[in-house]
Amino acid sequence: MRIIGMQLRLLEYPLSTPFYPSWLPGYPQTAHRVQLLTLETDEGIRGYAANVAFSQEGAGLQHLLLPFLFGRDPFQIEQVVQICRSATFLGLRLWWIEMAFWDILGKATGQPIYRLLGGYQERIKAYASTGELKSVEERLDYIAQIREMGFRAVKLRFHHMDWREDMAVARQVRAQYPEMEILVDANMGWRVAGMGDAPKWDIATALRVAEELAELGVVWLEEPLEKHDYEGYRRLREKSPVALAAGEMNQDLHEFREFLLRDALDVLQPDVSLSGGISTGKKIAGMAEAFGKQIAPHTWTNGLGLAANLQLMGACPNCTWAEFPYEPPGWDLKARDYFLTEPITIDPDGYITIPAKPGLGVEVDEDAVQHYTAT
Ligand SMILES: [Mg+2]
């Protein structure tokens with residue numbers, strides 16, 4: 001089998017109401033843009049991959065990629081990993097294209113990817129991942145709603161300039177919902193400043209937050225420090241009374257090896273579309289397993305990115321949590337998964353069943369793709 005066709009499209013879905021991601025202070029997101037790669041084989045199989053797009057930054061990528069991918073045997077995925085690694089030398093983060101090859105491999109063999117990679121689990125516990133900073137009242141309303149959906153765990157964003165404001169929300173959530181499992185994400189790993197003020201924690205601040213969060217019994221504190229501050233994480237973890245998670249914007253094997261060798265994290269969070277593809281994600285999971293660590297892939301990109309990460313989760317014995325991005329009204333299921341035939345949902349008991357159709361487990365809706373293709 002050979003790759004004989006390739007198409008790169010920019011999709012643009014207008015959000016029903018502006019979304020204010022806590023990790024991009026001052027930025028009102030009005031559309032969900034996605035770069036969608038479609039690969040076609042001489043056997044008529046289509047493989048898809050999707051990437052975050054802010055604007056037209058992917059223009060020209062098709063011309064760059066075509067000579068590398070045309071005619072390639074889609075089963076030789078490790079060669080694609082080498083291409084993606086080479087692209088990082090040019091400043092390009094192309095790991096996301098690798099999922100299209102796994103999609104083809106799954107469709108060619110009639111299996112979802114997670115079964116080809118080891119098939120460890122068919123379901124995984126989900127947490128509702130928030131995306132905005134909200135008032136106490138708004139956040140409690142949200143939790144009432146997600147509990148109706150089945151969730152028993154929530155991830156709160158900490159990104160006020162004064163973390164005590166974030167802590168006040170977390171304390172009220174704990175007081176109102178003593179049974180709820182709470183995770184906290186500070187998004188300091190790839191701090192975005194420029195449009196609005198962005199907080200920046202040092203080790204002492206992160207430790208104070210961790211100590212207060214320990215009183216609330218949180219599952220983990222995510223990204224309290226900069227993504228390459230391996231030594232800072234090591235020092236913080238020596239004293240932190242709560243588990244530490246990070247890695248969503250770290251790349252490739254060696255960056256994750258740094259965390260492991262220093263015993264600097266409890267949970268590694270490679271995202272297959274950002275950190276190294278599905279292949280590298282599985283290797284990182286294996287390294288983590290050898291060090292007695294968990295992985296919990298980051299998933300906040302788009303529906304296909306979520307599906308790809310779920311495939312990795314299904315294959316790993318050291319993965320117990322699935323991130324389910326959900327912050328209505330701006331980032332509802334339709335906004336997240338608009339180019340899939342149906343949105344990824346959770347089961348009434350708070351678990352996600354790993355999507356089990358061949359390949360990435362879900363189907364891309366070509367009608368929706370055409371409808372939302374930006375012109
Ligand atoms: Mg995060």
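Residues numbered from 1 in each chain as written. Predicted model: local features only at pLDDT ≥ 70, side-chain atom pairs only at ≥ 80, totals over all residues. Heavy atoms only, no water.

## Here's the deal with helix α8 (residues 230–239)
Next, step 1: What α8 keeps buried is the set Tyr 230, Gly 232, Tyr 233 and Leu 236. Angular distribution of buried residues about the axis of α8 spans 155°; they occupy a single face of the element. In α8, those exposed residues whose orientation departs by more than 90 degrees from the buried face are Glu 238 and Lys 239.
Next, step 2: Contact partners of the buried residues in α8: α7 (203–216), β8 (244–246) and α9 (252–261). (Buried < 20%, exposed > 50% of the residue type's maximum accessible area, 1.4 Å probe, protein only. Helix = DSSP H or I, 4+ residues; strand = E, 2+ residues; numbered from the N terminus. Arc of directions from axis to C-beta. Contact = heavy atoms within 4.5 Å.)

## A look at the coordination of the magnesium ion
Next, step 1: The magnesium ion binds to the protein through Asp 185 (OD), Glu 222 (OE) and Glu 248 (OE), with metal-donor distances spanning 2.0 to 2.1 Å.
Next, step 2: Spacing between the donor residues of the magnesium ion along the chain follows D-x36-E-x25-E. Here Glu 248 lies in the loop between β8 and α9 and Glu 222 lies in strand β7 (residues 221–222), a separation of 26 residues in the sequence. Glu 248 shares its class with Glu 222; the two are buried. (Donors = N, O, S within 2.8 Å, 3.2 Å for Na, K, Ca; no water.)

## Section: the sheet that holds strand β3 (residues 46–53)
Next, step 1: Read across the sheet, 3 strands follow the order β1-β2-β3 without closing on themselves; strand pairing throughout is antiparallel. In this open sheet, the two edge strands, each paired with only one partner strand, are β1 (3–19) and β3. Here the strands of the sheet are splayed against their neighbours by 20° on average, with no regard to which way each runs.
Next, step 2: As judged from the 8 bridges shared by strand β2 (residues 29–41) and β3, these two strands associate in the antiparallel manner. Bridge pairing in β3 places Val 34 opposite Val 52. (Pairing = 2+ DSSP bridges. Axes fitted to C-alpha atoms, helices over the stretch in contact; angles between N-to-C directions.)

## Describing the domain arrangement of the protein chain
Next, step 1: Here the protein chain is described as being made up of domain 1 (3–110 + 364–372) and domain 2 (115–353).
Next, step 2: Taken over C-alpha atoms, the centre of domain 1 sits 23 Å from the centre of domain 2.
Next, step 3: When domain 1 packs against domain 2, the two sides together hide about 3,600 Å² of surface, and 65% of this comes from carbon and sulfur.
Next, step 4: Our count for the contact surface shared by domain 1 and domain 2 stands at 2 salt bridges.
Next, step 5: For Glu 78, the salt bridge is made with Lys 283, and the minimal N-O distance between the two is 3.1 Å.
Next, step 6: Between domain 1 and domain 2 we count 17 residue pairs in polar contact (both at pLDDT 80 or more) in total.
Next, step 7: Elements represented by at least two residues in the side of domain 1 that touches domain 2 include exactly β1, β2, β3, α2 (77–89), α3 (98–109) and α13 (366–372).
Next, step 8: A total of 8 residues in the side of domain 1 that touches domain 2 trace back to one element, the largest contributor, which is β1.
Next, step 9: When its residues are assigned to classes, the side of domain 1 that touches domain 2 shows 28 nonpolar, 10 polar and 7 charged. (Domains from an automatic or database assignment. Buried area = accessible area lost by both parts, 1.4 Å probe. Salt bridge = Lys/Arg side-chain N within 4 Å of Asp/Glu carboxyl O. Polar contact = N/O pair within 3.5 Å; in protein donor to acceptor, adjacent residues only side chain to side chain. Nonpolar A, V, L, I, M, F, W, Y, C, P; charged D, E, K, R; others polar.)

## A few points about the pairing of β2
Look at any regular strand and the pattern is simple: side chains alternate between the two faces of the sheet.
Next, step 1: Most of β2 is tucked away: 10 of the 13 residues are buried.
Next, step 2: Judged from the 12 bridges that link them, β1 and β2 form a sheet pairing that is antiparallel. Paired with Leu 8 across the strands is Leu 37, a residue of β2.
Next, step 3: Where β2 folds back onto β3 in an antiparallel hairpin, the turn is made up of 4 residues, including Gly 44, whose phi is positive at roughly 85°.

## Focus on the packing of aromatic side chains
Next, step 1: If you walk through the whole model with that rule in mind, you get 17 aromatic pairs.
Next, step 2: Taken together, a centroid distance of 5.4 Å and an interplanar angle of 75° make the contact between Tyr 338 and Phe 339 edge-to-face. Pair check on accessibility: Tyr 338 and Phe 339 agree, each one buried.
Next, step 3: Pairwise contacts between aromatic rings join Tyr 13, Tyr 338, Phe 339 and Tyr 372 into one cluster.
Next, step 4: Over the aromatic face of Tyr 142 sits the side chain of Arg 139, whose NZ or CZ is 4.7 Å from the ring centroid.
Next, step 5: The residue whose ring lies beneath Arg 336 is Phe 324, and the NZ or CZ to ring-centre distance is 4.3 Å. (Phe/Tyr/Trp six-rings, centres within 6.5 Å; stacked < 30°, edge-to-face > 60°. Lys NZ or Arg CZ within 6 Å of the ring centre and 35° of its normal.)

## Considering the packing of α7 against α8
Next, step 1: Their axes nearest at 10 Å, the elements α7 and α8 cross at an angle of 35°. Handedness of the crossing formed by α7 with α8: right-handed. Along its contact with α7, which presents Ile 203, Ala 206 and Leu 207, the element α8 presents Gly 232, Arg 235, Leu 236 and Lys 239.
Next, step 2: Here the contact of α7 with α8 is built from residues that sort into 4 nonpolar, 1 polar and 2 charged. (Left-handed = near helix turned anticlockwise from the far one by under 90°.)

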